[in-house]
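Now for the letters of each chain:
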Amino acid sequence: MSPLLSVENLGVALARADGSKLPILHDVGFNLAKGETLGIVGESGSGKSLLALALIGLLPGSATVSGAIRFEGRDLVTASEAGLSAIRGRRIAMIFQEPMTALNPAMRIGDQIAEGLRLDGVRPAAARAAALALLDRVRIADAANRIDAFPHELSGGQRQRVVIAIALARSPALLIADEPTTALDVTVQRDVLDILGELVAEANMALILVSHDLGVIARTVARTLVLYAGTRFEEAPTAALLATPANPYTRGLIGAMPRPRKTDGVRQRLTVIPGTVPAFGALPPGCRFADRCPAHIPACDAGEPPWRAIGPDRAVRCIRATAEGAER
Ligand SMILES: Nc1ncnc2c1ncn2[C@@H]1O[C@H](COP(=O)(O)OP(=O)(O)OP(=O)(O)O)[C@@H](O)[C@H]1O
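The rules behind these values
- Residues numbered from 1 in each chain as written.
- Predicted model: local features only at pLDDT ≥ 70, side-chain atom pairs only at ≥ 80, totals over all residues.
- Near = placed C-beta within 6 Å.
- Helix = DSSP H or I, 4+ residues; strand = E, 2+ residues; numbered from the N terminus.
- Nonpolar A, V, L, I, M, F, W, Y, C, P; charged D, E, K, R; others polar.
- Pairing = 2+ DSSP bridges.
- Contact = placed C-beta atoms within 7 Å.
- Axes fitted to C-alpha atoms, helices over the stretch in contact; angles between N-to-C directions.
- Parallel < 35°, antiparallel > 145°, perpendicular 65-115°, else oblique.
- Left-handed = near helix turned anticlockwise from the far one by under 90°.
- Core = buried A, V, L, I, M, F, W, Y, C linked by C-beta atoms within 7 Å.
- Buried ≥ 20, exposed ≤ 12 C-beta atoms within 10 Å, placed from the backbone.
- Domains from an automatic or database assignment.

In this section: the site of the ligand. Taken together, 13 residues lie around the ligand, and Ser 44, Ser 46, Lys 48, Ser 49 and Leu 50 are the ones closest in. Ranked by residues supplied to the shell around the ligand, first place goes to helix α1 (residues 48–55) with three residues. Broken down by class, the residue content of the shell around the ligand amounts to five nonpolar, seven polar and one charged.

Shown next as structure tokens:
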């Protein structure tokens, strides 16, 4: 069976001031089946947001896209703007970090949830009833009274739950959430992630969750794709990725995860990956992670490591990696 979404050899280049093109994304690829959940993780500047925007054709006008993005049998790289706007919202919904930018401040939340359904021809009373049911499903307490509230009358967590309700209203096949909880307090983050995970599973909807935070990814998705400096570094089932990271970069990300200390519950940053992500205009000739990598050997500088399978459901871009874990 063909996957719901297949991304192959995706490249995105952005125009520089002098008119030349600066490649940002390079050889990104993955498949997503119906109902499957995938996390995309990497440090700031790794290209996560550009990837999310590329998937729904919302890149800046200066961007050049190469490779293929196939969704429900259509190639989204070559699709017309009209073709893409017929898919956005209806078949692929998107949630961004800041709920206030997604909500209309002058419109009642129930009307905003019902709006998409009205576009699909649902009558007003049925759309309002569906909006009420969705508010309940995203656990807005006292939904019957809150349905006529304006966004500013809600907390940040409630607003993001309304955004989730809007995204789910039209039963899209794929939801892309880009840092959906980064603007929220840690405890509210967990509630919103749990609601998101539950609703996506109930609806058998596929989810792409973009986050710099492996803790967020670990809580929510079955598979994870690690990006580094614009390209894929590792893909694996999330549990295997966390237990036996094959790429030294993934191991570094895991080491940098804040986690509660057993004794007093204080969150502590254990290790940081030394150095910084290289600039896109000055990438090293070999592995992009070479100058930060604790497992670096001269062969790493010979050329870009190929993307290669290290198991039936695991792949990595590192000449030293094995499925038993990264070289140290
Ligand atoms: N509109 C744009 N014009 C020029 N450069 C851009 C644009 N959008 C992104 N970039 C550059 O592309 C690179 C990848 O950015 P992107 O926002 O995708 O990274 P990210 O992994 O989502 O990081 P963050 O977590 O900080 O958002 C960065 O170097 C960024 O400066």
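On to the sheet that holds strand β2 (residues 21–32), then. Spatial strand order, β2-β1-β4-β5: four strands in an open sheet with antiparallel pairing. Looking at which strands have only one partner, the edges of the open sheet turn out to be β2 and β5 (74–75). Summarising the sheet, strand β4 (residues 63–71) and β5 pair through two bridges and their orientation is antiparallel. In the sheet register, Arg 70 faces β5, and the bridge partner there is Asp 75. Strands in contact with α1 are β1 (5–15), β2 and β4; relative to β2, the strand with the most contacts, it is inclined by about 65 degrees.

What follows deals with the packing of helix α4 (residues 109–119) against helix α7 (residues 156–169). Two elements in contact, α4 and α7, have axes separated by 8 Å at closest approach and are oriented at 20 degrees. Regarding the angle of α4 to α7, the classification is roughly parallel. When the axes of α4 and α7 are compared, the crossing they make is right-handed. Contact residues: α4 offers Ile 109, Gln 112, Ile 113, Gly 116 and Leu 117, while α7 offers Val 162, Ala 165, Ile 166 and Ala 169. Taken together, the residues of the contact of α4 with α7 break down into seven nonpolar, two polar and no charged.

On to the nonpolar core, then. Residues Ile 164, Ala 165, Leu 174, Leu 175, Ile 176, Leu 207 and Ile 208 are the most contacted members of the largest nonpolar core, which totals 78 residues. Per-element accounting of this core gives the leading share, eight residues, to α7. Summarising the domain contributions, this core has at least three residues from each of domain 1 (5–221) and domain 2 (244–328). Other than its neighbours up to four places away in sequence, Leu 175 contacts Ala 93, Ile 95, Ala 167, Val 200, Met 205 and Leu 207.

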